[in-house]
Amino acid sequence: MSQTLLNPDKWVDNFADALYSYTLPRVNDAALAEDLVQETFLSAWKAKEGFKGEASEKSWLFTICKNKIIDHYRKKAKDIVQPIGANERQDGYFDEAEHWTNETKPAEWGIDYQQAMDNKDFYKILDACKRKLQQIQQSVFVMKYMEDMDSADICKALGITSSNYWVLIHRAKLQLRTCLEKNWINLK
Amino acid sequence: MKWLMITCKEATYLISKKEENKLTWVSKIKLRGHLAICSMCRRFEQQSGFIGRMAGKMHIHATLSPESKEKMQKTLQDQ
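The structure displayed is predicted, hence computed values, not measured ones. (Residues numbered from 1 in each chain as written. Chains lettered and ligands numbered in written order. Predicted model: local features only at pLDDT ≥ 70, side-chain atom pairs only at ≥ 80, totals over all residues.)

Draft legend 1. Layout of the environment of Asn7(A). Residue and element names in this part refer to chain A. Note that Asn7 resides in the segment before helix H1 (11–27). Classification of Asn7 as exposed rests on a count of 10 C-beta atoms within 10 Å. Taking C-alpha positions, Asn7 is 28 Å from Met146, a pair spaced 139 residues apart along the chain. (Helix = DSSP H or I, 4+ residues; strand = E, 2+ residues; numbered from the N terminus. Buried ≥ 20, exposed ≤ 12 C-beta atoms within 10 Å, placed from the backbone.)

Structural data, given as structure tokens:
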């Protein structure tokens, strides 16, 4: 098999938008996403001698980009003073007996939950709801559900315990579900 | 049997653990028992799984400005 060759002169033309589209919803900040894409190209440039052609040029660049995103979360986690547990007792989703309230109980969405949905409006609202999460919840959510990382790796990267992790995931899900129900299901 | 009863708050907490196959057998029994009698939490489980799967497929189409691309190209050429 002939070795795949890199074509760095074409990287920006061929992959800048794709990498940017990938990065943007994961960091929620246009200028930062742009910086990460630029850093991806620079790191790739420096590592190009080591490229063995085992992966395609595109997936090699995406791997570098993913690492940049995770690095960003890792650095960010250090700056966050975690308010975990602060308002754990009264969270608003459940009553004193820890059951759903009339206002918070899940409504029937009237969709096939097993069926994937390819709907631009849905993604837009999911993205907007995700932005409303606390920063650390967002990091955990993106790493788990968008990067498909193992929970142990996420805990290690963010410097949190596994019980912190489950609390963050739990609350992120409750909040996203409520937000989607309010903004998307009622629009349908 | 009372020790097996859990609240909706605990059940929804365990649902995310279940999605990642991290339930102990006691928690499994507790959650199964709760879901058998609670249609709200059954619905939550479906919606929670749906949200996770959709997040994994989330894609948007964004484009960089020509100026940004030019700047990137130039930075690379200066290397």
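Draft legend 2. View of the domain arrangement of chain A. Residues and elements named next belong to chain A. What the domain assignment reports for chain A is domain 1 (8–79) and domain 2 (86–188). At the junction of the two partners, domain 1 supplies nine residues and domain 2 supplies eleven residues. Counting residues per element, the side of domain 1 that touches domain 2 draws most heavily on helix H3 (residues 57–79), at six residues. (Domains from an automatic or database assignment. Contact = placed C-beta atoms within 7 Å.)

Draft legend 3. Focus on the packing of H1(A) against H3(A). Residues and elements named next belong to chain A. H3 packs onto H1 with a crossing angle of 25° between their chain directions and a minimal axis gap of 11 Å. Comparing the axis directions of H1 and H3 gives the class roughly parallel. With respect to the hand of their crossing, H1 and H3 are arranged in right-handed fashion. Residues Phe15, Leu19, Tyr22, Thr23, Arg26 and Val27 of H1 lie in contact with H3, whose contacting residues are Lys58, Leu61, Phe62, Cys65, Ile69 and His72. Of the residues assigned to the contact of H1 with H3, the class counts are eight nonpolar, two polar and two charged. (Axes fitted to C-alpha atoms, helices over the stretch in contact; angles between N-to-C directions. Parallel < 35°, antiparallel > 145°, perpendicular 65-115°, else oblique. Left-handed = near helix turned anticlockwise from the far one by under 90°. Nonpolar A, V, L, I, M, F, W, Y, C, P; charged D, E, K, R; others polar.)

Draft legend 4. Looking closely at the interface of chain A and chain B. The interface is formed by 40 residues belonging to chain A together with 37 residues belonging to chain B. Broken down by secondary-structure element, the contributors of at least two residues to the side of chain A that touches chain B are H1, helix H2 (30–47), helix H4 (120–131), helix H5 (135–146) and helix H7 (162–185) of chain A. Tallying contributions element by element places H7(A) first for the side of chain A that touches chain B, with eight residues.

Draft legend 5. Main features of unusual backbone geometry. Residue and element names in this part refer to chain A. Notably, Asn28 is not glycine yet its phi reads approximately 60°, a positive angle. Tracing the chain through its elements places Asn28 in the loop between H1 and H2. In this structure Asn28 comes out as partly exposed when scored by C-beta crowding, with 14 C-beta atoms within 10 Å. Positive phi values are uncommon outside glycine, yet Glu98 reaches one of about 65°. Inspection of the secondary structure assignment puts Glu98 in the loop between H3 and H4.

Draft legend 6. Broad picture of the environment of Tyr73(A). Tracing the sequence through the fold places Tyr73(A) in helix H3. Sequence-wise, Tyr73(A) and Asp95(A) are 22 residues apart; in three dimensions their C-alpha atoms are separated by 34 Å.

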